[in-house]
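For reference, the chains in residue letters:
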Amino acid sequence: MVKIDDLLVEAGKLGASDLHVSEGHPPNFRVDGVISAHGAVAPLTAQDMYDILGQLISSDEVESFKARREHDFSFSFRSPEGEEARFRGNAYYESGRVGIALRQIPMRIRTLDELGLPPAIKQIAAQRRGLFLVTGPTGHGKSSTLAALIQMINTTRREHIVTIEDPVEYIYIPDKCIVHQRQVGIDTESFAEALRRVLRQDPDVILIGEMRDLETVGAAITAAETGHLVLATLHTQDAAQSVDRIIDVFPPHQQQQVRIQLSSVLVGICSQQLIPLPAGGRTVVTELLLANPAVRNCIKEGKTNQIKTLIQTGSNIGMHTMEQSLADKVSAGVLPLETALNYAYDPKDLQRLLYG
């Protein structure tokens, strides 16, 4: 029988961010963004997959998975050497066969400095109200950024933090704050339902794992309006696209009112990407929007096409575009130009910044 513990230990040794197991394939690990097969393990059978599933979740959860065809979960793991790790998982069917994707979550929450994020983000941890978004593709460190912010608040303020996640990822040990972590499907029915109730729980800071639908987005804006700091993620590319996505979720007749609300509550948007380095490892590049009066006015008037210009000219308060972040990495010799161009939102702008 294939033991999932052995694969989890191997994931730790390799420094893999993800482990993929599926019928008909050997286990695969994602290291520094690249997936490769585990050569020492034969392709997994259907029985192997159900054995692995039974090692990861309870028998009741297995039955629920068979009925619903999808299942999210998370768990902590201790290796025989005593090293601890935490994983979030998704079990699914593809072509009638079982697949499982496991994402490794560091047990230690790294600081904003350790993550290589711009110093200006630290000011978000001092905000008392408003909405701050972290955006970018899946697997590019959004959860780590939010965890660093939550931990910074946890160690510097005496408040109540409530997280709503699917599933719970980082585990916070209360320091100066009270921290309550709610998992969708276990502690609450949905993001929207949890957000409807959270304002009765005397929160100061609310973390939303993902703003997925109109109800969740609407509740997040309401929570920010009523004097709470709300941190959330979106799967959008840049700041302007994030603003448009939030507004477009609402019916046309509500959109002007939402623009006004969003312009008053938004405190910032950080868009980020993790880029592989030539010698191994990855580096973070970011775009940072901080909502000053000019930005708020653009949002209110529906002129999101002007947001990038405001970011470009807002360096005095810490704002920068993705291309400016990439140009700094190229100039410092961290990234080759060809790699940077592949990750630029506007390659021509990157070349202009580098060569005039």
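None of these values were measured; they are calculated from a predicted model. (Residues numbered from 1 in each chain as written. Predicted model: local features only at pLDDT ≥ 70, side-chain atom pairs only at ≥ 80, totals over all residues. Heavy atoms only, no water.)

Some thoughts on the environment of R30
The line we're drawing: Strands here mean DSSP runs of E at least two residues long; helices mean DSSP runs of H or I at least four residues long; both are numbered from the N terminus. By definition, residues are in contact when any of their heavy atoms lie within 4.5 Å. For this analysis, a polar contact is any N or O atom pair within 3.5 Å, provided that within protein one partner can donate a hydrogen and the other can accept it, and provided that sequence-adjacent residues contribute only side-chain to side-chain pairs.
Looking at the secondary structure, you find R30 in strand β2 (residues 28-31). Linking R30 and G89, residues 59 residues apart in sequence, is a C-alpha distance of 14 Å. Apart from residues no more than four positions distant in its own chain, R30 is found in contact with A16, S17, D18 and I35. A distance of 2.9 Å separates a polar atom in the side chain of R30 from the backbone oxygen of G33.

Re the sheet that holds strand β3 (residues 34-37)
For clarity, the cut-off: Only strands that DSSP links by at least two bridges are regarded as paired with each other. Comment: axis = line fitted to C-alpha atoms, over the contacting stretch for helices; angle = value between 0 and 180 degrees taken between N-to-C directions.
Taken in spatial order, the six strands of this open sheet run β3-β2-β1-β6-β5-β4, and their pairing is antiparallel. With partners counted over all chains shown, the strands left at the sheet margins are β3 and β4 (70-78), one partner each. The sheet shows a mean angle of 20° between the axes of neighbouring strands, direction not considered. Where strand β1 (residues 18-22) lies against β2, three bridges are found, and the strand directions are antiparallel. Residue pairing for β2: H20 is matched across the bridge by N28.

Digging into the nonpolar core
Put simply, the rule is: Only buried Ala, Val, Leu, Ile, Met, Phe, Trp, Tyr and Cys residues count toward a nonpolar core, and they belong to the same one when joined by side-chain atoms within 4.5 Å. Exposure is judged per residue with a 1.4 Å probe applied to protein chains only, and the accessible area is read against the type maximum: over 50% gives exposed, under 20% gives buried, and values in between give partly exposed.
Counting 73 residues, the largest nonpolar core has L133, I208, M211, L231, L262, L289 and I307 as its most contacted members. Beyond its immediate sequence surroundings of up to four residues, L289 is in contact with A239, L266, V267, G268, I269, V295, I307, I311 and M319. With 28 residues, the next largest nonpolar core counts L44, I52, F73 and A91 among its residues.

Description of the sheet that holds strand β7 (residues 130-135)
Two orientations exist for strands paired in a sheet by backbone hydrogen bonds: parallel and antiparallel. In space, the seven strands of this open sheet follow the order β9-β8-β10-β11-β7-β12-β13, with mixed pairing throughout. Looking at strand neighbours, the two that pair on one side only are β9 (178-183) and β13 (282-290), the edges of this open sheet. Pairs of neighbouring strands in the sheet enclose a mean axial angle of 15°, with direction left out of account. Across the sheet, helix α6 (residues 191-198) lies against β8 (160-165), β9 and β10 (205-208), angled at about 165° from β8, the strand it touches most. Packing of helix α8 (residues 239-248) onto the sheet brings it into contact with β7, β11 (229-234), β12 (266-276) and β13, and relative to β12 it is tilted by some 125°.

Here's the deal with helix α2 (residues 46-56)
Using the following cut-off: The arc in question is the one traced by the directions running from the helix axis out to the C-beta atoms.
All of the buried residues along α2 are D48, M49, I52, L53 and L56. The buried residues of α2 occupy an angular sector of 135° when projected down its axis, which confines them to one face. Tucked inside the fold, the buried residues of α2 contact α1 (4-14), β1, α3 (59-68), β4, β5 (84-94) and β6 (97-105).

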